[in-house]
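Below are the chains, spelled out letter by letter.
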Protein chains: 2
Amino acid sequence: MSQTKILLEESEIPTHWYNVVADMPNPPAPPLGPDGQPIGPDALAAIFPNAIVEQEVSAERWIEIPEEVREIYRLWRPSPLFRAHRLEAKLGTPARIYYKYEGVSPAGSHKPNTAVAQAWYNKQEGVKRLTTETGAGQWGSSLAMVGEMFGIAVRVYMVRVSYEQKPFRRSMMQTWGAEVFPSPTDKTEAGRNILAQHPDSPGSLGIAISEAVEEAASRKDTNYSLGSVLNHVLLHQTVIGLESKKQFEKVDDYPDMIFAPCGGGSNFGGVAFPYLADKAGGKDIELVAVEPASCPTLTRGHYAYDFGDAVGLTPMMKMYTLGHDFVPPGIHAGGLRYHGDSALVSQLYNEGLVSAVSVNQLATFEAGVQFAQTEGIIPAPESNHAIRACIDEALRCKETGETKTLFFNLSGHGHFDMASYDKFFSGELEDFEYPAEAIDEALHHLPKVG
Amino acid sequence: MSQTKILLEESEIPTHWYNVVADMPNPPAPPLGPDGQPIGPDALAAIFPNAIVEQEVSAERWIEIPEEVREIYRLWRPSPLFRAHRLEAKLGTPARIYYKYEGVSPAGSHKPNTAVAQAWYNKQEGVKRLTTETGAGQWGSSLAMVGEMFGIAVRVYMVRVSYEQKPFRRSMMQTWGAEVFPSPTDKTEAGRNILAQHPDSPGSLGIAISEAVEEAASRKDTNYSLGSVLNHVLLHQTVIGLESKKQFEKVDDYPDMIFAPCGGGSNFGGVAFPYLADKAGGKDIELVAVEPASCPTLTRGHYAYDFGDAVGLTPMMKMYTLGHDFVPPGIHAGGLRYHGDSALVSQLYNEGLVSAVSVNQLATFEAGVQFAQTEGIIPAPESNHAIRACIDEALRCKETGETKTLFFNLSGHGHFDMASYDKFFSGELEDFEYPAEAIDEALHHLPKVG
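No experiment lies behind these values; they were computed from the predicted model shown.

Novice: I tried to follow the overall build of chain A on my own but got confused; where do I start?
Specialist: Along the backbone of chain A there are 17 helices and 15 strands. What you see for chain A is a C-alpha radius of gyration of 20 Å, in line with the 22 Å of a compact globule of 450 residues. Dimensions of chain A, computed from the C-alpha atoms along their principal axes, are close to 60 × 50 × 45 Å. Per-residue burial over chain A gives 66% buried out of 450 residues. Counting only contacts in chain A whose residues sit at least 6 apart along the sequence, the fraction spanning at least 24 positions is 77%. As displayed, chain A has an accessible area near 14,600 Å², and 49% of this comes from carbon and sulfur atoms.

Novice: I would appreciate a short explanation of the packing of aromatic side chains in the present structure.
Specialist: All names here are of chain A. A full pass over the atoms with the stated rule returns 39 aromatic pairs over all chains. Here F424 and F425 contribute two aromatic rings whose centre-to-centre distance is 5.6 Å and whose plane-to-plane angle is 55°, an arrangement assigned as tilted. Grouped by ring-pair contacts, the aromatic residues F82, Y99, Y101, F371 and F408 constitute a single cluster. Across from the ring centre of Y98, 5.6 Å away, lies the NZ or CZ of R83, which sits over that ring.

Novice: Before we go on, may I ask you to explain the side chain of N19 of chain B in this structure?
Specialist: Residue and element names in this part refer to chain B. Tracing the backbone through its elements, the reader meets N19 in the loop between strand 2 (16-18) and helix 1 (50-57). Residue class for N19 comes out buried when judged on its relative accessible area of 6%. One polar contact links the side chain of N19 to the main-chain carbonyl oxygen of S58, over a distance of 2.9 Å. Within the structure, the side chain of N19 is placed 3.0 Å from the backbone oxygen of E60, a separation counted as a polar contact. Not counting residues up to four positions away in its chain, the partners in contact with N19 are S58, A59, E60, R61, I63 and L235.

Novice: Please clarify how the relation of the copies chain A and chain B should be interpreted in this entry.
Specialist: One copy of the chain maps onto the other through a rotation about an axis followed by a shift along the same axis. Superposing chain A onto chain B takes a rotation of 180° combined with a translation of 0.0 Å along the rotation axis, leaving an RMSD of 0.0 Å. Classification of the inter-copy transformation places it as that of a two-fold axis. It is H415 of chain A whose C-alpha, among those of chain A, lies nearest the rotation axis, at 3.2 Å.

Novice: Even after reading the chapter, I still don't get the interface of chain A and chain B, so can you show me in this structure?
Specialist: By convention, interface size is frequently given as the accessible area that disappears when the constituent parts associate. In this complex, chain A contributes 46 residues to the contact, which on the side of chain B involves 46 residues. Summed over both sides, the interface between chain A and chain B buries roughly 3,900 Å², with carbon and sulfur atoms accounting for 57% of that surface. Applying the counting rule to chain A against chain B returns 4 salt bridges. Between D422 of chain A and R170 of chain B there is a salt bridge, with its nearest N and O atoms 3.5 Å apart. Along the contact surface separating chain A from chain B lie 18 residue pairs in polar contact (both at pLDDT 80 or more). Secondary structure elements with two or more residues in the side of chain A that touches chain B: helix 2 (67-73), helix 5 (138-150), helix 7 (167-175), helix 14 (361-375) and helix 16 (418-425) of chain A. By residue number, the principal contributor to the side of chain A that touches chain B is helix 7 of chain A, which donates 6 residues. Each residue belonging to the side of chain A that touches chain B can be placed in one class, and the counts come to 23 nonpolar, 12 polar and 11 charged.

Novice: Explain the sheet that holds strand 11 (residues 286-292) of chain B here, please?
Specialist: All names here are of chain B. One open sheet accounts for 7 strands, arranged 1-4-5-15-10-11-14; its pairing is mixed. The strands lining the two open edges of the sheet, one partner per strand, are strand 1 (5-6) and strand 14 (355-359). The strands touched by helix 10 (residues 231-250) are strand 1, strand 4 (81-83), strand 5 (96-101) and strand 15 (405-410); relative to strand 5, the strand with the most contacts, the crossing angle is about 135°.

Novice: Any chance you could explain the sheet that holds strand 5 (residues 96-101) of chain A here in plain terms?
Specialist: The strands making up a sheet are joined through hydrogen bonds of the backbone, oriented either antiparallel or parallel. Residues and elements named next belong to chain A. Sheet architecture is open: 7 strands sit in the order 1-4-5-15-10-11-14, paired in mixed fashion. This sheet does not close on itself; its edge strands, each paired only once, are strand 1 (5-6) and strand 14 (355-359). One ladder, built from 5 bridges, connects strand 10 (residues 257-261) with strand 11 (residues 286-292); its direction is parallel. Residue pairing for strand 11: M257 is matched across the bridge by E286. Helix 10 (residues 231-250) contacts strand 1, strand 4 (81-83), strand 5 and strand 15 (405-410) of the sheet and is inclined by roughly 135° relative to strand 5. Together, strand 5, strand 10, strand 11, strand 14 and strand 15 form the strand contacts of helix 15 (residues 381-400), whose direction differs from that of strand 10 by roughly 150°.

Novice: Explanation requested: the packing of helix 11 (residues 266-280) of chain A against helix 13 (residues 343-350) of chain A in the structure shown.
Specialist: Two quantities define a packed helix pair, namely the angle between the axes and the distance from one axis to the other. Residue and element names in this part refer to chain A. At a minimum axis distance of 11 Å, the contact between helix 11 and helix 13 shows a crossing angle of 50°. One element, helix 11, and the other, helix 13, form an angle in the oblique class. Judged by the sense of rotation from one axis to the other, the crossing of helix 11 with helix 13 is left-handed. Side by side, helix 11 and helix 13 meet where F268, F273 and L276 of the first sit next to L344, V345 and L348 of the second. Each residue belonging to the contact of helix 11 with helix 13 can be placed in one class, and the counts come to 6 nonpolar, no polar and no charged.

What counts as what
Residues numbered from 1 in each chain as written. Chains lettered and ligands numbered in written order. Predicted model: local features only at pLDDT ≥ 70, side-chain atom pairs only at ≥ 80, totals over all residues. Heavy atoms only, no water. Helix = DSSP H or I, 4+ residues; strand = E, 2+ residues; numbered from the N terminus. Rg over C-alpha atoms; globule rule 2.2 N^0.38 Å. Buried < 20%, exposed > 50% of the residue type's maximum accessible area, 1.4 Å probe, protein only. Contact = heavy atoms within 4.5 Å. Areas by Shrake-Rupley, 256 points an atom, 1.4 Å probe, with all protein chains shown as cover. Phe/Tyr/Trp six-rings, centres within 6.5 Å; stacked < 30°, edge-to-face > 60°. Lys NZ or Arg CZ within 6 Å of the ring centre and 35° of its normal. Polar contact = N/O pair within 3.5 Å; in protein donor to acceptor, adjacent residues only side chain to side chain. Least-squares fit on C-alpha atoms with pLDDT ≥ 70 in both. Buried area = accessible area lost by both parts, 1.4 Å probe. Salt bridge = Lys/Arg side-chain N within 4 Å of Asp/Glu carboxyl O. Nonpolar A, V, L, I, M, F, W, Y, C, P; charged D, E, K, R; others polar. Pairing = 2+ DSSP bridges. Axes fitted to C-alpha atoms, helices over the stretch in contact; angles between N-to-C directions. Parallel < 35°, antiparallel > 145°, perpendicular 65-115°, else oblique. Left-handed = near helix turned anticlockwise from the far one by under 90°.

See below:
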């Protein structure tokens, strides 16, 4: 049997992040301000450090990773690339299946890759305090951990439904010294307005973002930090895809298809973007964003300007959206409950350079259990989306006899999601189909532009 | 800064386990049967496969690891050795601190190292079903995972206090297809008798062992599998210490002191025994078993023959014991709540070749939080015992200026122990001192031998 884990040395951690903007056929559509005009970098400077603002608008292909960030990366990076020998055998597929395992980070997912960078740049510019949102808790945990390491106070607005489903994510954040509140809260105007209309609101990433942004904008000592969606976040996550390319070289293989869960897009962009350069150069590779059928942004949303948050505090971005006030059902992949998507992923999808599929909740848990029973690791519900799509393709290969190389990003472990697995086993989980009428309805909720 | 992680290739996974019996100054005291006479290997064959029984009594220095076991090891082994740069800096110690991280296994601790081997030998001999006990759930999870991989059904008796503290360990075992019951249960005579006397019994490892052994002994298709204490279990765990020796060679360093938590002894034996050979050869190295002050087997127990379980179903072993019917307080390091200890560890302690310290619960959580806030990983409460003792030594080095090399086994992560961390933060945890009168009382509970 060939190798199970393909490892890299610490010295092989990439020295630069890859900026996909340099290889896009068209420049990114600009974010717009309340007046419908493109905003300048200074509009972002109220809540982000300058270094981050520069990265957000940069078109440079390679951006250097600060040595202090690489120092912290070395606590868990490079992450291993696994060949899923046992899953392949169980499926009886001729396909070769690989997965990159980001659950080796102390916070248990890929999210620290950008948390370290964001905290570092904020620290460099003297920021003492950060606010943020979190869905499943993976992002909030990550920022809490590195906030503690860099001596920055962190306040987390955690989507209420996840706060209740995953109490131990809160404990984890508190162990790393962060404050955590279930969102919507009564601490912000955004939260109070939503509670007044929907006292039982389960919350959403969009709402939690509104709260965190509102607080950061209103306090001079405080910046905001976002776990996905924006260009700089996807940039930092490319360390995943870049490492994986070195790892595939070591075993003289290369993926035909890449699968990653897609909520705000940082997981997908992080693993897929470094391969997009090859695709632009003529390589035959398919990059598949996998999203929940209950929140099918790319596969069923509108490609239009919309707000990044629920209330409309952020600039408008051109992206696939289900409407900024769409509150997705309380599915158990909290990290994917987002109405919109990264503008970069959206534009590349619109131009046909990346593809997308949606999968049902129950089918994702079935895939996750099959994975756990063969490969050992119990995956996060978000990751189960990629596993589902990858297994489906592996089974198609079994029918056709194709020996494709399939690669997915195992973005995190499910140690804080066992209550969801319990519900899956006891038959309490259900599938939610995004209603056909909602897509027309969403049109009326999009902000008017131009 | 020098390397953070010292890694090995899969090809460097040891090919043989190390059997410390070959290097002990005296042969191990034999286990005794109910008649007070040494038992033969056949007495063990009712509940263990022959290959395991042979290992239990072997004096061979090196025992080959089957290729099929190494195949599964490759899902997470070799485990990384970390240099704790950030913890050292925080403590301001001149000591060099290293830790081996066994939490990289899918079950989250060192326990799968022996679970794989035990399940494999049972499968080889046609066994279809295994029973076992579990305290904190780390061992039960591990056996569940490999049982699923090898197609063996697993039933777990989980100590009730841990079952209640850690519901998601149960979910994890169920994801890997195992049955789990809180012990004492009404499914065995041992359990029913204890419930009759103590309906609110929190359970103990000793009681759960009684239940699992009773069931295995009464069913022909079923064997028993133990997660610690016995010689073959410690043997399998030596893969940890053996790997760490190769890793220290790569950075041209060698430990002056090794710390590991000690409940049944497999964690401590696994990391420390391979160094005992060097100590026997004249190396100056101190091997420190760290136990809870509330269950201080080595530091305050009697060195005497006693049963391995609560009821007296097992052979008697010469070991440090607090009395087989001692039910330790419900501290949050469930893996260390054991009245006795490995006979090998006990004999080596008695002969002065290994040392032991006991530490208080609150101090262990303080150490664990300090570790999490510097190194990132949130440790299991069991591991916090080793961290406490190691930090104490590092602080002593700070006083004296000694540049010692300190090494501890980070036996697992604390992702399923966040409720305990919550209680620590909210001030609900307390220290339990083992009462002075209990040690005399225990004398009267020891079985009469010879």
